[in-house]
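Residue strings, one per chain:
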Amino acid sequence: MTQPGGRTGQPVLPALLGLGQRGLGQRTLAPRGADRYGADRRRRTLPAGVLRLPTIGIDIGGTKVVAGVVNGEGRIVEQLRAETPHKSKSPKVVEDVIVELVLELADRHDVHAVGIGAAGWVDADRSRVLFAPHLNWRNEPLREALSDRLKFPVVVENDANAAAWAEWRFGAGRGEDLLVMITLGTGIGGAVVRHGYVDRGRHGLAGEFGHMQVVPGGHRCPCGNRGCWEQYSSGNALVREARELAAAESPVAQPLLARVGGEVAAITGPLVTEAARAGDPMATELLHDIGTWLGVGLANLAAALDPGRFVVGGGVSAAGDLLLAPAQDAFRRTLTGRGFRPEAQIVPAALGNEAGLIGAADLARALARRFRTVKRSRAER
């Protein structure tokens, strides 16, 4: 994204709020005129009171909304969850759910800002959801709509960016100057934290690593292309391979079929992981394949970005070493210049499913600086 003065890659919000040019939520912030990574030694300190202010983080999925009050140490003080009405994914319906959860939490906690983590493309200003694959959001002005109703400052962020920020601030990415996070779920999400800020790219859409093409002419992807990385290393890929073997009545799939009473459609990613942990050879082999493709993709990212650490999260990462051990092996075999260069660490995420919520809340914390002394009017229910 381009900032005043023609700089790229810097967060928009700090410049708008006069918070300098380093990442939101940090204790020290570089003044205007510092170089891109805040190398200017003169720094202003974000007031300690701001760092302690509780904020609300929202994690929006296709069928649920989770909200939590997060303190300055990244700890969730209280959490609420609501299902969106049956099969309804309209913007207004999801917005209503968010408002109800925020107001309920605000009744019990002195919160100062709200951060939204959305699974979709968020614009460079972090105000609009340009496209959400599991919701009917197309160029949706979510920040404006929620700010008007809640009377709280609101920031909207891609969910993978929010999770990466949380891991960098409080989890497995602490202390790393160049962190890449990969979230393995239904597909593959990704994000980069570089020198204390989320690198969102020129248009706010960086980190869509799942749609790198790794097999030309390969499996069709819902994005419209073929051979995307997430078609070979994701929860969908794991389930697809397991169901294909089961549907073909392969002898190696019989133990897995027995677990679901012969119902192929009942095979899920967690079920395959559970079977692998119990020693099922086919399930173990499938996770090995997913992990191998994960390592290949990470090696490609290392060639492009040269991070110091990869943090792997998402539901599929619950398989642990069944996934990460083959990923590390494939990474070392595939890495360009192997044997003659430092290797990035590959580590599991530390914050689990709450990472996106925690990160969204923490990214919103800088907003609270402007509003902490302002008496807020309450939104009508």
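Just above sits the structure.
These figures come from a predicted structure and were not determined experimentally.

Chemist: Is there a simple way to think about the overall build of the chain in this case?
Modeler: When helices and strands are counted, the chain shows twelve helices and 15 strands. Here the chain, with 381 residues, has 55% of them falling under the buried criterion. Nonlocal contacts in the chain, meaning residues at least 24 apart in sequence, comprise 63% of its contacts between residues at least 6 apart. Of the roughly 16600 Å² of accessible surface on the chain, a fraction of 50% belongs to carbon and sulfur atoms.

Chemist: How do you make sense of the nonpolar core when you look at a structure like this?
Modeler: Grouped burial of nonpolar side chains is what soluble globular proteins tend to show. Ranked by size, the top nonpolar core spans 42 residues in total, and within it Ile-182, Leu-294, Leu-298, Phe-310 and Phe-331 carry the most contacts. The leading source of residues in this core is helix α9 (residues 281-305), at ten residues. Grouped together as the second largest cluster of nonpolar side chains are 32 residues, Ile-56, Val-65, Ala-82 and Val-156 included.

Chemist: How should I be thinking about unusual backbone geometry in this particular structure?
Modeler: Backbone phi values are negative for most residues with the exception of glycine, while trans is the configuration of most peptide bonds. Even without a glycine there, the phi angle at Asn-139 is positive, about 55 degrees. Summarising the element assignment, Asn-139 is placed in strand β9 (residues 137-140). Note on Asn-139: relative accessible area 41%, which makes it partly exposed. For His-195, which is not glycine, the phi torsion reads 50 degrees and is therefore positive. By the element assignment, His-195 lies in the loop between β12 (188-194) and β13 (197-198).

Chemist: Just checking my understanding: could you explain the pattern of salt bridges for this structure?
Modeler: Side chains carrying opposite charge are able to pair once their charged atoms draw close together. Per the stated rule, a full pass over the model turns up 15 salt bridges. With a closest N to O distance of 3.2 Å, Asp-306 and Arg-341 form a salt bridge. Linking Asp-306 in the loop between α9 and β14 (309-313) with Arg-341 in the loop between α10 (321-334) and β15 (345-348), this pair joins segments that are 35 residues apart in sequence. With relative accessibility at 26%, the residue Arg-341 sits in the partly exposed group. The closest approach of N and O atoms between Arg-332 and Glu-343, which form a salt bridge, is 3.3 Å. A residue pair is termed long-range when its members are at least 10 positions apart, and Arg-332 in helix α10 and Glu-343 in the loop between α10 and β15 qualify at eleven residues. On the basis of relative accessibility, which here comes to 38%, the residue Glu-343 falls in the partly exposed class. The network of salt bridges with shared partners includes Lys-92, Glu-95, Asp-96 and Arg-149.

Chemist: What should I look at first to understand the packing of helix α3 (residues 91-108) against helix α4 (residues 142-150) in this one?
Modeler: Helix packing for two helices is described by the angle between their axes and how far apart those axes are. Relative to each other, α3 and α4 sit at 40 degrees, their axes nearing to 11 Å. Taken as axis vectors, α3 and α4 run oblique relative to one another. By crossing handedness, the relation of α3 to α4 is classed as right-handed. Contacts between α3 and α4 involve Lys-92, Glu-95, Asp-96, Ile-98, Val-99, Val-102 and Leu-103 on the former and, on the latter, Ala-145, Leu-146, Arg-149 and Leu-150. For the contact of α3 with α4, the per-class residue count stands at seven nonpolar, no polar and four charged.

Reading guide: rules and limits
Residues numbered from 1 in each chain as written. Predicted model: local features only at pLDDT ≥ 70, side-chain atom pairs only at ≥ 80, totals over all residues. Heavy atoms only, no water. Helix = DSSP H or I, 4+ residues; strand = E, 2+ residues; numbered from the N terminus. Buried < 20%, exposed > 50% of the residue type's maximum accessible area, 1.4 Å probe, protein only. Contact = heavy atoms within 4.5 Å. Areas by Shrake-Rupley, 256 points an atom, 1.4 Å probe, with all protein chains shown as cover. Core = buried A, V, L, I, M, F, W, Y, C linked by side-chain atoms within 4.5 Å. Salt bridge = Lys/Arg side-chain N within 4 Å of Asp/Glu carboxyl O. Axes fitted to C-alpha atoms, helices over the stretch in contact; angles between N-to-C directions. Parallel < 35°, antiparallel > 145°, perpendicular 65-115°, else oblique. Left-handed = near helix turned anticlockwise from the far one by under 90°. Nonpolar A, V, L, I, M, F, W, Y, C, P; charged D, E, K, R; others polar.

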